[in-house]
Amino acid sequence: MAQTSGLRRRLPDLPTGSDDWRLMGRTARLVLGIPTYAVVALVAAVAGLTLFVTSLNLPLAGFALTGDLTLDGRLRILRGLYPFVGSAYDPFQGTLLVFVAALVGVNVAMAVYHFREHAVSVESGGASLAAVLLATLGAGCAACGVPILLAILSIFGVSSAALLLPLDGLEFALLAVVALVLSTHWLAEGMRGGEIRGCPVDL
Amino acid sequence: MDTRRAFLAAGAGTLAVLAGCTSGPNGGGDGSGGGDGSDGTTAGTPTPEAAETLATHPAARDLDAQPRLGPPVDEAAGVVVAFEDPSCTLCRRFEENTLPDLRSNLVDTGDAAFVYRGYPVIYPWGKPASQALESTFAADADAFWALKDHYFAEQGTFTTDNVLEETEAFLASETSVDAAAVVDDARNERHDAAVQADIEAAQAAGAGSQTPIFYLFRDGEFQTRVSGPQGYDVFAAAMGF
């Protein structure tokens, strides 16, 4: 029993019950209900999505911004890099990237609120950053395809597993979802017991 | 708290390992790519690609000997040099979604040339398929384009074991080439020099280990590199159309 209890103390606090998910939802809703933080979330989501898609084509993005092009040409190139507007991603991959970007927006808004209004926990901010990096890797691997994943997985002796990856590398984006959910959970836990817009952060 | 920090530290370590994914030729963003140094560049040193031309850019080596759609490259306002792997799913998306518009709007009108170069780096069956493509091109250009389209259209059905058999069946039924002779050439890699020339050109241009990757030229001058199955508008705008 003592061993079990010790092990539990050493494991990260994970969202396991419905109350955890409801707390995350309520906290996010309260933060996003403040117009300033809604704007922060929107800006962060757009910035996150832009980071994901331009990381795949930095030379092209640089050419669009600095090359000898008309304004219309620049906009056509930049617009084409985004999911659903361009054709680089299929609908599932596009939806996944937009979803991750939206999560980034919510997560950043909550982290900024927590930074400004409460004493923020370092690991929550770090997890948010890790999630953004993972999402970028996911977008990147969608373009670099299977071989890089194959090389990475071969380090761990699972080289043939990459052939079974159905998302051409966007599995990293799924990891980003996990990291973002954990970060959001920790932020919500950190804000539990406080108030947002006069409403208690609790269930 | 400590556990969370350890978790994050482990995550950061994993990210460091995975960083190669975005620090490759695409993600690096400096245009230097993952070249082997044969073009005079070293990792981390920006390549002066913007100043290069069809005559000097590594991607355009031996361009006259490559399968081409549209006008000769020295007569075309725009040139797309495409490095593709028949087994690459993203290449298939480019072939399905973007190439038809490129052909009808720019290639068939004589405004741009599209040059195909094989770069088999994805699934293993792409290698024998690339041998078969070069062997077919040596026999007949029309048969080459038909076989290339067939590979992408039926991509999910090929394996390393069946690709040459399936190739022979397709060439025999749909083209006028001597299918058995072409596949025998492919099996014995008699046109391996052409396959290797494409691979070396891709590596020298910093293509890394990804497909599809495209090098765009306008009036003979290199414009930019495009990664992934971007849409027609991106290609047209980047070439000034």
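Overview of the structure. Fair warning: this is a prediction, and the values are worked out from it, not measured in the lab. (Residues numbered from 1 in each chain as written. Chains lettered and ligands numbered in written order. Predicted model: local features only at pLDDT ≥ 70, side-chain atom pairs only at ≥ 80, totals over all residues. Heavy atoms only, no water.)

### Points about the overall build of chain B
Applied cut-off: Each helix is a run of DSSP H or I of at least 4 residues and each strand a run of E of at least 2, with the numbering of both proceeding from the N terminus. In this scheme, a residue with accessible area under 20% of its type's maximum is buried, one over 50% is exposed, and one in between is partly exposed, where area comes from a 1.4 Å probe on protein chains only. Residues count as neighbours in contact if any of their non-hydrogen atoms are within 4.5 Å of one another. Exposure was quantified through the Shrake-Rupley algorithm and a 1.4 Å probe, taking into account, for residues, occlusion by the shown protein chains and nothing else.
Along chain B, the regular secondary structure elements total nine helices and five strands. Written out in order from the N terminus, the α and β elements of chain B read α-β-β-α-α-β-α-α-α-α-α-β-β-α. The 241 residues of chain B split such that 54% are buried. Of the contacts made within chain B by residues no fewer than 6 positions apart, 70% connect residues no fewer than 24 positions apart. With an accessible surface of roughly 9,400 Å², chain B has 49% of that area assigned to carbon and sulfur atoms.

### Quick word on the environment of B:Lys148
Residue and element names in this part refer to chain B. In this fold, Lys148 is placed in helix H5 (residues 141–153). Along the primary structure Lys148 and Pro86 are separated by 62 residues, whereas in three dimensions their C-alpha atoms are 7.2 Å apart. Every residue in contact with Lys148, bar those within four places of it in the chain, is listed here: Glu95, Leu99, Tyr116 and Leu133.

### Some words on the packing of helix H2 (residues 89–97) of chain B against H5(B)
Residue and element names in this part refer to chain B. Here is the rule we go by: For helices, the fitted axis covers only the stretch in contact; all axes are lines through C-alpha atoms, and the angles between them, taken along N-to-C directions, range from 0 to 180 degrees. In this scheme, a crossing is called left-handed if the near helix is turned counterclockwise away from the far one by less than a right angle; it is called right-handed if the turn is clockwise. All amino acids are sorted into three groups, where Ala, Val, Leu, Ile, Met, Phe, Trp, Tyr, Cys and Pro are nonpolar, Asp, Glu, Lys and Arg are charged, and the leftover types, Gly among them, are polar.
Here H2 crosses H5 at 115°, and the two axes come no closer than 9 Å. Handedness of the H2/H5 crossing: left-handed. Packed against H2, whose contacting residues are Cys91, Arg92 and Glu95, the element H5 presents Lys148, Asp149 and Phe152 at the interface. Taken together, the residues of the contact of H2 with H5 break down into two nonpolar, no polar and four charged.

### Section: the side chain of B:Thr98
Here B:Thr98 lies in the loop between H2 and helix H3 (99–107). The contact partners of B:Thr98, leaving out residues within four places of it in the chain, are A:Ser87, B:Arg93, B:Pro229, B:Gln230, B:Gly231, B:Tyr232 and B:Phe235.

Spatial relationships are all this shows, so hold off on functional conclusions.
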